[in-house]
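So the chains spell out like this:
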Amino acid sequence: MKKENLKSIIIIGILVTFSLGSTYAFLNFKASNNTATGVGGCFQVNYSGQAINNLSLESSSTYTEGASSDIILSKSSDCDIYTEADIYLYTNTTTTAPISNGALKYKVVNGSTTIGEGAITSTGDKKLATVTLSTTSTTYKVYLWIDPDISNGTFNDTTYSGYIYANAVQTSTIKGT
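Residues take numbers from 1 onward in each chain, read along the sequence in its written order. For a predicted model such as this one, the threshold for reporting local features is a pLDDT of at least 70, and the threshold for listing and counting side-chain atom pairs is 80 or more; totals across whole chains, interfaces and linings nevertheless cover every residue. Only hydrogens and water are set aside when side-chain values are computed; all heavy atoms of the structure are taken into account.

Turning our eyes to something else, we now look at the nonpolar core. What makes a nonpolar core is a set of buried Ala, Val, Leu, Ile, Met, Phe, Trp, Tyr and Cys residues whose side-chain atoms join them at distances within 4.5 Å. With a 1.4 Å probe rolled over the protein chains alone, any residue whose accessible area is under 20% of its type maximum counts as buried; one over 50% counts as exposed, and the rest are partly exposed. Grouped together as the largest cluster of nonpolar side chains are 24 residues, with contacts concentrated most on L73, I87, V108, I120 and L128. In this description a helix means any DSSP run of H or I spanning at least four residues, a strand means any run of E spanning at least two, and both kinds are numbered starting from the N terminus. Among the secondary structure elements, those contributing two or more residues to this core are strand 3 (67–75), strand 4 (82–91), strand 5 (104–110), strand 7 (124–132) and strand 8 (138–146). If you tally residues by element for this core, the top one is strand 8, at 4 residues. Residue contacts are counted whenever heavy atoms from the two residues lie within 4.5 Å of one another. If we skip the residues at most four places from it in the chain, V108 touches I87, T113, T114, I115, G116, L128, A129, Y140, K141 and V142.

Now the structure itself:
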């Protein structure tokens, strides 16, 4: 009886060892080729933008008096994946507008709805807003202006140098997951 148990334990041990060894070899082989494959969904996001149409900024009491640019975003009609786009503003180091004190303001609107607003306080990338994309082209207007309450008129005729871009993220076929 003891010989039978010992034989069974040895056979089971050999099977387990072989199983683990071949699984490791398979995983090791798969990981060593440095590629990843899978189904990605749709990557047909449409973007259209315009240049900022006012290089010389003045202090203004309303955001509509500043520089502005339109961007149009949508996704392909074949796409049923929930897709969001982040709208960014990249500010060049050559900008003379007042970014250190928060006087350079931005606002992103869709029609009369404010999507994002705040201050540009450094050069480089600044995420302005996150929007949900649909198959219908949607126009977002980005405004830049100098807040007169902060600048007290001392930053008139300063320049802004930069550009607007968007980054799309597709998450699932269900909103919010």
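Following the structure, the description resumes.
Stacked, tilted and edge-to-face are the three classes assigned to paired rings of Phe, Tyr and Trp, where Trp is represented by its six-membered ring and a pair needs centres within 6.5 Å; plane angles under 30 degrees give stacked, over 60 edge-to-face, the rest tilted. Taken as a whole and judged by the stated rule, the model has 5 aromatic pairs. Each ring, one from Y63 and one from Y143, has its centre 4.8 Å from the other, and the planes form 75°; the classification is edge-to-face. Remark: Y143 occurs in strand 8 and Y63 occurs in the loop between strand 2 (56–57) and strand 3; sequence separation between them is 80 residues. Their ring planes at 45° and their centres at 6.1 Å tell us that Y163 and Y165 sit as a pair that is tilted. Note on Y163: relative accessible area 45%, which makes it partly exposed. Judged by relative accessible area, Y165 falls into the partly exposed class, the value being 25%. Among the aromatic residues, those joined into a cluster by ring pairs are Y88, Y90, Y163 and Y165.

What follows is about the side chain of D86. In this structure, D86 sits in strand 4. For D86, a relative accessible area of 11% translates into the label buried. N or O atoms within 3.5 Å of each other form a polar contact, as long as, within protein, one can give a hydrogen and the other can take it, and as long as residues adjacent in sequence are counted only when both atoms are side-chain atoms. A distance of 2.7 Å separates polar atoms of two side chains, one belonging to D86 and the other to T130. Setting aside its immediate chain neighbours within four residues, D86 contacts K127, A129, T130, Y165, A166 and N167.

What follows is about the confidence of the model for the protein. As a per-residue quantity, pLDDT reports the predictor's confidence and falls between 0 and 100. Taken residue by residue, the protein gives an average pLDDT of 74. The fraction at 70 or more is 67%. When mean pLDDT is compared element by element in the protein, strand 6 (residues 113–119) scores highest at 95, while helix 1 (residues 2–31) scores lowest at 52. Across residues 20–40, confidence stays below pLDDT 50; counting only partners more than four residues off in sequence or on other chains, it has 2 contacts.

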